[in-house]
There are 4 protein chains.
Amino acid sequence: MSPKIINREKRTAEITRAALDVFSVKGYSAASVGQIAATAKIAKGTIYEYFETKEDLYIAAVMLFVDGFQSSLKSLLENIDDPLTRLITFTKSSLDICDRNDAETTYLFVDILQQSLLKNGVFYNRRYLVREMLLGFRKIITNILLDGVSKGIFKPEIAKDAEKIATNLLAFLDGASLHTKMTENYFDIPSQLDYFMQYLTQSILLNPENYDLNATIAEQAGN
Amino acid sequence: MSPKIINREKRTAEITRAALDVFSVKGYSAASVGQIAATAKIAKGTIYEYFETKEDLYIAAVMLFVDGFQSSLKSLLENIDDPLTRLITFTKSSLDICDRNDAETTYLFVDILQQSLLKNGVFYNRRYLVREMLLGFRKIITNILLDGVSKGIFKPEIAKDAEKIATNLLAFLDGASLHTKMTENYFDIPSQLDYFMQYLTQSILLNPENYDLNATIAEQAGN
Amino acid sequence: MSPKIINREKRTAEITRAALDVFSVKGYSAASVGQIAATAKIAKGTIYEYFETKEDLYIAAVMLFVDGFQSSLKSLLENIDDPLTRLITFTKSSLDICDRNDAETTYLFVDILQQSLLKNGVFYNRRYLVREMLLGFRKIITNILLDGVSKGIFKPEIAKDAEKIATNLLAFLDGASLHTKMTENYFDIPSQLDYFMQYLTQSILLNPENYDLNATIAEQAGN
Amino acid sequence: MSPKIINREKRTAEITRAALDVFSVKGYSAASVGQIAATAKIAKGTIYEYFETKEDLYIAAVMLFVDGFQSSLKSLLENIDDPLTRLITFTKSSLDICDRNDAETTYLFVDILQQSLLKNGVFYNRRYLVREMLLGFRKIITNILLDGVSKGIFKPEIAKDAEKIATNLLAFLDGASLHTKMTENYFDIPSQLDYFMQYLTQSILLNPENYDLNATIAEQAGN
DNA sequence: GATGAATGAGTATTCATTCAT
DNA sequence: CATGAATGAATACTCATTCAT
């Protein structure tokens, strides 16, 4: 409550932000604490007043990234009622992150991967954090599907497979965005996604003929 | 043709193999030239008689990995005629790589990702190599699909979308295997894949009712 | 006399006490001002309101240690009249310091040694302080010896050598306790001491046959 | 056997020598690897081709010191037959080390103490090395005593106490030399030692009246 | 007077690369 | 051709001390 605590939190946030910027561009191992300090415009030692190790700083930066990602998704979906529109909005905006020109977030995403897979990686012993993040996203999709079922828009029989569908959708989204980045946008990812979503929606909609998916997609893109 | 050249090629291959072993476990930056030399049972300085830099060595190792991956896939598909079985075989064995206990190949795959995405990454200016690798895989799948169409097993109308379908399948496969690794096998990837393939095959088979997909999958798994 | 001065003295004493605790465990260079501040439950900066440097703080702590050591010895000897008992009490309690499980005092003692011997050591230019401390102890022993002579218990001819005897006894005591600590109690120091004292007392007692040294030692140990 | 091995050993010895020089003056923690490298006139990194850590380097330096000390003692005693002369020679030359003007060895000795006593000290978990060193010295003295007994020069009854006598003598020697160093030669250590040795020899000689200790000492000092 | 945030110089250690043998 | 000794730049982290509040 005291002003000091507020300053401390503020400074912690500043450093974390700077760390996120640097880690996103350089990755964990190539980034140096000195660079992060310079970015935050503070002395190198000051970093260690707020974080014990470079690893801790990395974790904080990743958390900031994940939280920002999730909350921006949540606010996007906030005022949408129609389950189909929600689903399409979710997938579109997931990939938008990779289409943005400042898309360093993708670099960070791969870096998290790296640090999760390699023994001695920062996240190797913290894979539960990654898992929880993925489960959070899966929950969002699962809820959309079940909501659609209860509203009579999606087929009732998909309810029992909602988690599987959600898991597969997430896998596709991540695989697609990585391929895109790796190949310098060689694939036209939006049209690939539309194609995937047409198959998916045809499979889950109760009355596919009542929906013009292209219109829904176009409408969503317009916002 | 001279014995020296033969020795040189042989030694180059040995070093590349050792490099692949080390890079697969440690990743590019954590791997040291000394470790690679030790693995190849030669002196550190000798490496530099065959490769100019650590980067060159990494590129050679990745090439060796990709070539081995592609040729093992080719030989797997070599004696299979039925397009559906070919398709399923392809997807199964792609994921098998990630299910193997010594699945260091996944680590390397992510490392390639990392080095492709990061500015200053080894592969950042060689992303065309990654693209060509992906295009090679896409070509295999596309050919399977077109073969199925011409044999009257897959729907004729998918011919024009064969590349899109192949691209999406690859994206799903990579996304799924990465998620699996990241989350310590929290997701049951084989059953997820089966689920995905059921939807896919229902969409592309001309007469889905004539095929018992589960039987085909089980049969394939048996081999 | 003003309350502020009293507070200042009290606070100075608290900090010195905390410093002694930390220096005793960690030694001068491994101890950090931050740890001392934490032990004293004050802020790091506050230390520098009371002491100019870490060196000054160390000197104050050592003084506190030496004073405490000497005054506890004095009070131990206060009510003992018999010179032989006084002598044995002195040696026993000197070594007791090293037998106590929390024998951090030994660490400090060696640390003082270190800082006295090394050029650039805190005590290198203050060795006179160390010398005075040793002279203080020598004085105590010398007085015991001379008292014994005047009481007709010790041989008269040792009077002229009293200082030499005292110096040698101190050297033996310190050497013995250091060896003990260094070797993890490999030597049975109490029995070594008894052995040493038997020789010593036989040399200085006027009528050794009148004394049962073991009884005197046992009696002393009982207190 | 190959020249390379010889060079490696030679270089290892050079570095160890440089390390001993620096550690002797600065102590373990104040000495820096850079200073040692500069003293050895090699690059900092080269140190790590020969020693894994600063700790290993310290241990090697201490071993060099101890070995040198022990072998110089041995060669001194080599051609002396008379047990009493051997005993006096041993004590004299032990203290000589501390009287030499370049007596940095004493600093190192205290540093070893420090590193043996402090938790986290380099020698804390290697105290057995220190113990073995002390036991080596004790063995030398014990042998002298037993030799004297068997030659009919020392009293037969001291045979059973030979180890205790040796232990006490060592303790005295170390304590005395430390006090001397700490107090800037305030005590006249040679005369203190003579005094101590007179008592000791009177206690152990079978016929003290047959020996003129002062003459023996003077004679020894003359060499 | 008390605080604790900020500093920046200092340290051990790693490693790609070179080059004399 | 092969070696491996030598290099030195780079990096994470520590801590005594200062100073604005």
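Above this text you will find the structure in question.
Everything numeric here is computed off the predicted structure, so don't read it as measured data. Just so you know, the residues in each chain are numbered from 1, in the order the chain's sequence is written. The naming scheme follows written order: chains are lettered A onward, ligands numbered 1 onward. Selection of residues for local features in this predicted model requires a pLDDT of at least 70, selection of side-chain atom pairs for listing and counting requires 80 or more, and totals for whole chains, interfaces and linings are taken over all residues. Only hydrogens and water are set aside when side-chain values are computed; all heavy atoms of the structure are taken into account.

Asker: Can you help me understand the overall build of chain A in this one?
Answerer: When helices and strands are tallied, chain A shows 10 helices and 0 strands. Numbering of helices and strands runs from the N terminus, with a helix taken as a DSSP run of H or I at least four residues long and a strand as a DSSP run of E at least two residues long. In chain A, the succession of helices and strands from N to C terminus is α-α-α-α-α-α-α-α-α-α. Burial here depends on accessible area, computed with a 1.4 Å probe over protein chains only, as a share of the maximum for the residue type. Under 20% is buried, over 50% is exposed, and the range in between is partly exposed. Burial status across chain A gives 53% buried among its 223 residues. Here, residues are in contact when the closest pair of their heavy atoms is within 4.5 Å. Nonlocal contacts in chain A, meaning residues at least 24 apart in sequence, comprise 66% of its contacts between residues at least 6 apart.

Asker: It is not clear to me how the protein's contact with DNA strand E should be interpreted in this structure. Could you clarify?
Answerer: Working definition: residue near molecule or strand if any one of its non-hydrogen atoms lies within 4 Å of it. Around DNA strand E, the structure places 33 residues, and the nearest of them are A:Arg8, A:Arg11, A:Thr46, A:Tyr50 and C:Thr46. The sugar-phosphate portion of DNA strand E accounts for 67% of its atoms within 4 Å of the protein, the bases making up the rest. In this structure, C:Ala43 approaches DNA strand E through a main-chain N or O atom, which is 3.3 Å from a phosphate oxygen. Any pair of nitrogen or oxygen atoms within 3.5 Å is treated as a polar contact; in protein, a donor-acceptor pairing is required on top of that, and neighbouring residues in sequence qualify only through side-chain atoms on both sides. Here a phosphate oxygen of DNA strand E and a side-chain polar atom of C:Thr46 are 2.5 Å apart. If you list the elements that add at least two residues to the surface near DNA strand E, you get helix H1 (3–26) and helix H3 (44–50) of chain A, helix H3 (44–50) of chain B, helix H1 (3–26) and helix H3 (44–50) of chain C together with helix H3 (44–50) of chain D.

Asker: When you look at unusual backbone geometry in this model, what are you seeing that I'm missing?
Answerer: Residues other than glycine predominantly adopt negative phi, and peptide bonds predominantly adopt the trans conformation. All names here are of chain C. Phi is positive for Lys41, which is not a glycine, with a value near 55°. Looking at where Lys41 falls in the secondary structure, it is placed in the loop between helix H2 (33–39) and H3. Positive phi, normally seen in glycine, also occurs at Asn120, with a value near 75°. When you line up the elements, Asn120 lands in the loop between helix H6 (104–117) and helix H7 (127–150). Residue classification places Asn120 among the exposed residues on the basis of a relative accessible area of 66%.

Asker: Can you walk me through the interface of chain B and chain A in this structure?
Answerer: Accessible area lost when the parts come together is the quantity often used to give the size of an interface. Taken together, the contact between chain B and chain A spans 45 residues of the former and 47 residues of the latter. For the pair chain B and chain A, the summed buried surface comes to about 4,900 Å²; carbon and sulfur atoms form 65% of the total. Summed over both partners, buried area is the accessible surface (1.4 Å probe) that two parts give up on being assembled. On the chain B side of the contact with chain A, B:Leu117, B:Met182 and B:Tyr195 bury the most area, a combined 15% of that side's loss. By salt bridge we mean one thing: a side-chain nitrogen of Lys or Arg within 4 Å of a carboxyl oxygen of Asp or Glu. Applying the counting rule to chain B against chain A returns 0 salt bridges. When residues of the side of chain B that touches chain A are traced back to their parent elements, those giving at least two are helix H1 (3–30), helix H6 (104–117), helix H7 (127–150), helix H8 (162–182) and helix H9 (189–204) of chain B. Polar here means any residue other than Ala, Val, Leu, Ile, Met, Phe, Trp, Tyr, Cys and Pro, which are nonpolar, and Asp, Glu, Lys and Arg, which are charged; Gly is therefore polar. Considered class by class, the residues forming the side of chain B that touches chain A number 22 nonpolar, 12 polar and 11 charged.

Asker: Just to check I follow, could you spell out the relation of the copies chain C and chain D for this structure?
Answerer: Superposition of the two copies of the chain requires a rotation about an axis together with a shift along that axis. Each copy is superposed on the other by least squares, with the fit set by C-alpha atoms of residues at a pLDDT of at least 70 in both. Between chain C and chain D, the superposition needs a rotation of 179° and an axial shift of 0.1 Å, giving an RMSD of 0.3 Å. Taken together, the turn and the small shift mark the pair as related by a two-fold rotation axis. Most of the interface of chain C is mirrored in chain D: 100% of its interface residues are interface residues there too.

Asker: What is the right way to read the packing of aromatic side chains from this model?
Answerer: When we look at a pair of aromatic rings, we describe it by the centre distance and by the angle of the planes. Pairing of aromatic rings covers Phe, Tyr and the six-membered ring of Trp, with a centre-to-centre limit of 6.5 Å; geometry is then stacked below 30 degrees between planes, edge-to-face above 60, and tilted otherwise. The tally for this structure, following the rule as stated, stands at 38 aromatic pairs over all chains. Look at C:Phe196 and D:Phe196: their rings are 6.2 Å apart centre to centre, the planes differ by 20°, and that puts the pair in the stacked class. Highlighted residues: C:Phe196 in helix H9 (residues 189–204) and D:Phe196 in helix H9 (residues 189–204), drawn from two different chains. For the pair C:Phe196 and D:Phe196, a shared accessibility class is recorded, and that class is buried. Here the aromatic cluster, defined as three or more aromatic residues joined through ring pairs, consists of A:Phe23, A:Tyr28, A:Tyr58 and A:Phe123. Lysine NZ or arginine CZ positioned within 6 Å of the ring centre and within 35 degrees of the ring normal marks a charge as sitting over the ring. One Lys or Arg, C:Lys54, reaches over the ring of C:Tyr28 and ends 4.6 Å from the middle of that ring.

Asker: Mind showing me how you'd approach the nonpolar core here?
Answerer: Definition of nonpolar core: a set of buried residues of the types Ala, Val, Leu, Ile, Met, Phe, Trp, Tyr and Cys, connected through side-chain atoms within 4.5 Å. In this structure, A:Phe23 and B:Phe23 are the most contacted members of the largest nonpolar core, which totals 143 residues. With sequence-adjacent residues up to four places away left out, A:Phe23 is seen in contact with A:Tyr28, A:Ala31, A:Ile36, A:Lys54, A:Leu57, A:Tyr58, A:Ala61 and A:Leu108. Counting 141 residues, the second largest nonpolar core, distinct from the first, contains C:Phe90, D:Ala18, D:Ile165 and D:Leu200.

Asker: What is the right way to read the protein's contact with DNA strand F from this model?
Answerer: Looking at DNA strand F, there are 34 residues lining it, with B:Thr46, B:Tyr50, D:Arg11, D:Thr46 and D:Tyr50 nearest. Counting only atoms of DNA strand F within 4 Å of the protein, the sugar-phosphate share comes to 68%. One of the backbone nitrogen or oxygen atoms of A:Val33 is found 3.1 Å away from a phosphate oxygen of DNA strand F. In the environment of DNA strand F, a phosphate oxygen lies 3.3 Å from a nitrogen or oxygen atom belonging to the backbone of C:Ala31. Counting only elements with at least two residues in the surface near DNA strand F, the list comes to H3 of chain A, H1 and H3 of chain B, H3 of chain C together with helix H1 (3–26) and H3 of chain D. Residues belonging to the surface near DNA strand F are distributed by class as follows: 12 nonpolar, 9 polar and 13 charged.

Asker: What is the right way to read the relation of the copies chain B and chain A from this model?
Answerer: Laying chain B over chain A is done by rotating through 179° and shifting 0.1 Å along the axis; what remains is an RMSD of 0.3 Å. Here 100% of the interface residues in chain B have copies in chain A that are interface residues too; the copies meet face to matching face.

Asker: Mind showing me how you'd approach helix H4 (residues 54–77) of chain B here?
Answerer: Each full turn of the α-helix corresponds to 3.6 residues, which orients residues three or four apart in the same direction. Here the expected span of a helix is defined as 1.5 Å times the quantity of residues minus one. Taking 1.5 Å of rise per residue, 24 residues should cover 34 Å, and H4(B) covers 35 Å from first to last C-alpha, within 8% of that figure. Within H4(B), burial applies to B:Lys54, B:Leu57, B:Tyr58, B:Ile59, B:Ala61, B:Val62, B:Phe65, B:Val66, B:Phe69, B:Gln70, B:Leu73 and B:Leu77.

Asker: Looking at this structure, I do not really get the side chain of C:Thr167. What am I missing?
Answerer: Following the sequence through the fold, C:Thr167 ends up in helix H8 (residues 162–182). Apart from the residues lying within four places of it in its own chain, the contact partners of C:Thr167 are C:Arg138, D:Phe187 and D:Gln192.

Asker: How should I be thinking about the pattern of salt bridges in this particular structure?
Answerer: Once the charged atoms of two side chains with opposite charge are near each other, the side chains can pair. Residues and elements named next belong to chain A. Using the criterion set out here, one finds 27 salt bridges over all chains in the structure. A salt bridge links Arg11 to Glu14; its shortest N-O distance comes to 3.0 Å. Here Arg11 and its partner Glu14 are both found in helix H1, 3 residues apart, which amounts to about one turn of the helix. On the basis of relative accessible area, Arg11 is assigned to the partly exposed category, the value being 30%. Residues Lys151 and Asp147 are paired through a salt bridge, measuring 3.1 Å at the closest nitrogen-oxygen approach.

Asker: Just checking my understanding: could you explain the packing of helix H4 (residues 54–77) of chain A against helix H7 (residues 127–150) of chain A for this structure?
Answerer: Residue and element names in this part refer to chain A. Running from amino to carboxyl end, H4 crosses H7 at an angle of 5°, the nearest separation of the two axes being 11 Å. Relative to H7, H4 is oriented roughly parallel. Along the contact surface, H4 presents Met63, Val66, Phe69, Gln70, Leu73 and Leu77, while H7 presents Leu129, Met133, Gly136, Phe137, Ile140 and Ile144. When grouped by side-chain class, the residues that make up the contact of H4 with H7 number 10 nonpolar, 2 polar and no charged. Only the contacting stretch of a helix is used when fitting its axis, a line to C-alpha atoms as for every element, and angles between N-to-C directions run 0 to 180 degrees. In what follows, roughly perpendicular refers to angles from 65 to 115 degrees, roughly parallel to angles under 35, roughly antiparallel to angles over 145, and oblique to any angle outside these ranges.

Honestly, that's just the spatial picture; any functional story needs more than this.
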